[in-house]
Amino acid sequence: MTDYSTILVEKRGAVTLVTLNRPQALNALNSEVLRELIDAFAAYDADDSQHCLVLTGSEKAFAAGADIKEMQGQGFADMYSANFFGGWEQVTSTRKPWIAAVSGYALGGGCEVAMMADFIIASETAKFGQPEIKLGVSPGMGGSQRLTWAVGKAKAMEMCLTGRMMDAAEAERSGLVARVVPAGEFMAEVMKTAETIAAMPPLAAIANKEMVNAAFEIPLNQGIRFERRLFHGLFGTEDQKEGMNAFVEKRPGNWKGR
Ligand code: CO8
């Protein structure tokens, strides 16, 4: 599938830029957006020429949440039998690196999708929130868990219980975002970071991502063992030989992805 109606996909060198494109609904996430993102992320993962992906929205909104108009009339049986939005797990199983570039609102499901990324870069205009409680519901795409991991119980609980938004400066202070960038330089800076990642040895990038993610899934002693085994495993790659030879020979590495 490449004929998308709710997202734009563009390859810029080795970086895939995916832009949420429902401006009339502030990029609210509906089932079509999810279907198209699953397809675009799978295509990125399978494309040997692409080594980093950036997911972004508009200047005003990364995404203002799951589409309230789509969910409004649904009952428990509808949601449960369809496993509504269970497909986001296909997006989070992307093996290669991806960044969420957040300008403006990242609310509800929008905040949750941003937190699915390997890290978030925020414009100084970014606003993060989990306002679902005001609609009589709750986060449903991982927000209660990922926000708590990112900013701790006090702030996560306060945000979920009051719906308060966090601005970019607070988000950086709290560890929710990797970096805040002035609005005028935002996408240029995001692309520079994505290009830096895309220029790294690709297998080492996947391994680094996998071991950092393990810190959220398994106990410390097992995580350290997992890290060491992956580290050992990278010594079976051509890129390890090339990387270390290039360092000793004072030249840039030429990566094979093997
Ligand atoms: N869903 C559907 N439409 C939306 C959404 C949304 N989440 N957000 C905005 N829109 C639409 C508005 O209805 C409006 O459409 P129209 O012009 O047809 O009336 C258009 O976008 C522009 O919005 P506003 O006029 O409201 O713009 P403002 O600049 O005045 O306000 C806000 C911007 C503050 C972002 C405001 O739009 C807002 O509060 N939006 C809703 C935020 C929200 O509550 N998000 C949480 C949604 S629930 C959720 O995300 C649950 C996730 C878990 C689901 C998991 C299922 C398993």
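Here the structure is a predicted model, which is why all the values come from computation and not from measurement.

Q: Just to check I follow, could you spell out the packing of helix α5 (residues 109-116) against helix α6 (residues 143-151) for this structure?
A: When two helices pack together, you describe them by how their axes are tilted relative to each other and by the distance separating the axes. The contact between α5 and α6 brings their axes to 9 Å, and the two run at 60°. What the angle tells us is that α5 and α6 run oblique. As for the relative orientation of α5 and α6, their crossing is left-handed in sense. In this structure, α5 uses Glu 112, Met 115 and Met 116 to contact α6, whose residues at the interface are Gly 143, Arg 146 and Leu 147. For the contact of α5 with α6, a count of residues per class yields three nonpolar, one polar and two charged.

Q: Mind showing me how you'd approach the site of the ligand here?
A: Around the ligand there are 24 residues in total, and Lys 60, Ala 64, Ala 66, Ile 68 and Gly 109 lie nearest to it. Here an oxygen atom of the ligand and a backbone polar atom of Gln 24 are 3.5 Å apart. Gly 109 is positioned with one of its backbone polar atoms (N or O) 2.8 Å from an oxygen atom of the ligand. With the chains in place, 65% of the 1100 Å² that the ligand exposes on its own is no longer accessible. Listing elements by their share of the shell around the ligand, those giving two or more residues are α2 (68-71), β6 (105-107) and α5. At three residues, the largest contribution of residues to the shell around the ligand is made by α2. When the residues that make up the shell around the ligand are grouped by side-chain class, the tally is 14 nonpolar, five polar and five charged.

Q: Which parts of the structure should I look at to understand unusual backbone geometry?
A: Phi at Leu 26 is positive, roughly 50°, even though this residue is not glycine. Tracing the chain through its elements places Leu 26 in the loop between β2 (15-20) and α1 (31-46). Unusually for a residue other than glycine, Phe 85 sits at a positive phi of about 70°. Among the structural elements, Phe 85 can be located in the loop between α3 (76-81) and α4 (88-92).

Q: Help me out: how do you make sense of helix α7 (residues 153-162) in this one?
A: What α7 keeps buried is the set Ala 156, Met 159 and Cys 160. For α7, the arc enclosing every buried residue in end-on projection is 95°, short of the 170-degree limit, so these residues lie on one face. Facing away from the buried side of α7 by more than 90 degrees, the exposed set consists of Ala 154 and Leu 161. Turning to α7, the residues buried within the fold contact β8 (127-129), α6 and β9 (166-167). Once α7 finishes, Gly 163 follows within two positions and takes phi at roughly 75°, a positive value.

Definitions and cut-offs
Residues numbered from 1 in each chain as written. Predicted model: local features only at pLDDT ≥ 70, side-chain atom pairs only at ≥ 80, totals over all residues. Heavy atoms only, no water. Axes fitted to C-alpha atoms, helices over the stretch in contact; angles between N-to-C directions. Helix = DSSP H or I, 4+ residues; strand = E, 2+ residues; numbered from the N terminus. Parallel < 35°, antiparallel > 145°, perpendicular 65-115°, else oblique. Left-handed = near helix turned anticlockwise from the far one by under 90°. Contact = heavy atoms within 4.5 Å. Nonpolar A, V, L, I, M, F, W, Y, C, P; charged D, E, K, R; others polar. Near = heavy atom within 4 Å. Polar contact = N/O pair within 3.5 Å; in protein donor to acceptor, adjacent residues only side chain to side chain. Areas by Shrake-Rupley, 256 points an atom, 1.4 Å probe, with all protein chains shown as cover. Buried < 20%, exposed > 50% of the residue type's maximum accessible area, 1.4 Å probe, protein only. Arc of directions from axis to C-beta.

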